[in-house]
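Residues per chain are reported as follows:
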Amino acid sequence: MSGFENGVALVTGAGSGLARGVVLEFVRGGCVKIVAADIIPERLAETAKLVSEINPAARVITVPTDVTNATQVQNMVDTAVKEFGRIDYSVHCAGITGGAARTDEMATEEFDRVTGVNLRGLWLCEKAVLGQMKTQEPRKLSNGTSARGAVVNMSSVLGLVGYRVQSPYVVSKHGVLGLTKADAVDYAADGIRVNAVCPGIVRTNLLPEGAWEHMGAFIETLPMQRLGLIEEVAAAVCFLASDKASFITGTMLPVDGGYCCV
Ligand SMILES: NC(=O)c1ccc[n+]([C@@H]2O[C@H](COP(=O)([O-])OP(=O)(O)OC[C@H]3O[C@@H](n4cnc5c(N)ncnc54)[C@H](O)[C@@H]3O)[C@@H](O)[C@H]2O)c1
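First things first, this report covers the structure right here in the doc. Bear in mind that the values here come from a model prediction, so they are computed numbers and not experimental data.

Analysis parameters
- Residues numbered from 1 in each chain as written.
- Predicted model: local features only at pLDDT ≥ 70, side-chain atom pairs only at ≥ 80, totals over all residues.
- Heavy atoms only, no water.
- Helix = DSSP H or I, 4+ residues; strand = E, 2+ residues; numbered from the N terminus.
- Contact = heavy atoms within 4.5 Å.
- Polar contact = N/O pair within 3.5 Å; in protein donor to acceptor, adjacent residues only side chain to side chain.
- Core = buried A, V, L, I, M, F, W, Y, C linked by side-chain atoms within 4.5 Å.
- Buried < 20%, exposed > 50% of the residue type's maximum accessible area, 1.4 Å probe, protein only.
- Near = heavy atom within 4 Å.
- Areas by Shrake-Rupley, 256 points an atom, 1.4 Å probe, with all protein chains shown as cover.

Moving on, we get to the environment of Asn118. Positionally, Asn118 belongs in helix 4 (residues 108–133). Those residues in contact with Asn118 that lie beyond four places of it in its chain are Ala94, Gly95, Ile96, Tyr169, Ser172, Lys173 and Val176. From its side chain, Asn118 meets the backbone oxygen of Ile96 in a polar contact 2.9 Å long. For Asn118, the side chain forms a polar contact with the side chain of Ser172, separated by 3.3 Å.

Written out as structure tokens, the structure reads:
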């Protein structure tokens with residue numbers, strides 16, 4: 001994909017997994033102005049190194065950010081604007097899973113912890129990013145329309161269907177889709193699109209190493225009978241962020257090998 005040459009991309013959770021894949025896909029698509037945020041700063045250095053291997057001319061600003069902290073989130077946005085003047089694409093991926101228990105056995109603190117990152121944290125990112133995007137000059141697109149910005153939120157197939165003993169995660173990912181639709185409506189007239197991607201199962205650092213080994217039998221039951229690739233999710237994210245998706249807002253795109261069809 002190309003077309004990101006003149007834009008500024010911000011990605012949260014960019015030290016690992018899907019978000020790192022999104023950063024690299026933006027760079028492969030020509031983006032040379034990137035803000036990469038994560039709660040673990042050391043991971044961001046590795047992301048920046050991988051970027052420079054694709055395009056040494058690309059500039060990556062790494063901003064250690066805990067998305068649950070409103071001040072840090074605002075600092076992330078302010079840093080992006082100070083360095084690059086605007087934010088054209090904002091991808092919100094920072095996320096965690098929680099312990100396994102049914103709701104009545106789940107600690108309330110665990111609900112707060114998981115939804116605090118995945119939903120409240122993502123909401124804080126949208127709040128700061130949309131506040132910036134709505135003040136920016138619209139950018140002219142090659143099809144004659146114009147846009148102030150595009151947001152892509154990371155939900156999950158578990159934003160569309162339930163799953164056992166993970167209610168805080170399922171709640172958070174359904175909530176991300178609600179927020180996506182609400183903000184798509186509220187910001188369409190400002191020239192800002194807001195969409196979400198719903199990945200199926202992709203091997204990342206989201207689960208502890210051993211957890212993936214136990215998934216074989218479950219994966220066999222899914223239509224495509226395999227894990228997704230980081231690149232497959234990143235391609236969908238970057239499509240929704242791109243000018244090619246200029247009439248798409250408020251949508252939820254499963255990238256799940258058919259997980260939600262059965
Ligand atoms: N891997 C999958 O199968 C899968 C499927 C569906 C959805 N997702 C979603 O994709 C997103 C990315 O997950 P991943 O699979 O790449 O996992 P990952 O663990 O590899 O990456 C998540 C990143 O988010 C960062 N992070 C965690 N808490 C943070 C915080 N408070 N502030 C800032 N950064 C924080 C982590 O440090 C990590 O670098 C998550 O929202 C996850 O729920 C993943």
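Additional details are given in the paragraphs that follow.
Our next topic: the nonpolar core. Residues Val11, Val22, Phe26, Val91 and Val237 are the most contacted members of the largest nonpolar core, which totals 31 residues. When residues of this core are traced back to their parent elements, those giving at least two are strand 1 (8–12), helix 1 (17–28), strand 2 (33–38), helix 2 (41–54), strand 4 (89–92), strand 7 (149–154) and helix 8 (230–241). It is helix 1 that provides the largest number of residues to this core, a total of seven residues. In this view, Val91 contacts Leu10, Val11, Thr12, Val22, Phe26, Val152 and Val237; residues no more than four positions away in its chain are not counted. By size, the runner-up hydrophobic cluster in this structure holds 25 residues, among which are Ala37, Met76, Leu130 and Val151.

Here we take up the site of the ligand. Surrounding the ligand, one finds 29 residues, the nearest of these being Ser16, Leu18, Asp38, Tyr169 and Thr204. Note that an oxygen atom of the ligand is positioned 2.8 Å from one of the backbone N or O atoms of Leu18. A distance of 2.6 Å is found between an oxygen atom of the ligand and a side-chain nitrogen or oxygen belonging to Thr204. Taken by itself the ligand offers 820 Å² of open surface, and the protein chains cover 95% of this.

A separate point is the side chain of Asp256. Relative to the helices and strands, Asp256 resides in the segment after strand 9 (252–255). In contact with Asp256, other than residues within four places in its own chain, are Val157, Cys198, Pro199 and Gly200.

Residues other than glycine seldom take positive phi values, yet Val165 does so here, at roughly 45 degrees. Relative to the elements of secondary structure, Val165 occurs in the loop between strand 7 and helix 5 (167–187). Positive phi is not limited to glycine here, since Gln225 has a value of about 50 degrees. Within the secondary structure, Gln225 sits in the loop between helix 7 (216–220) and helix 8.

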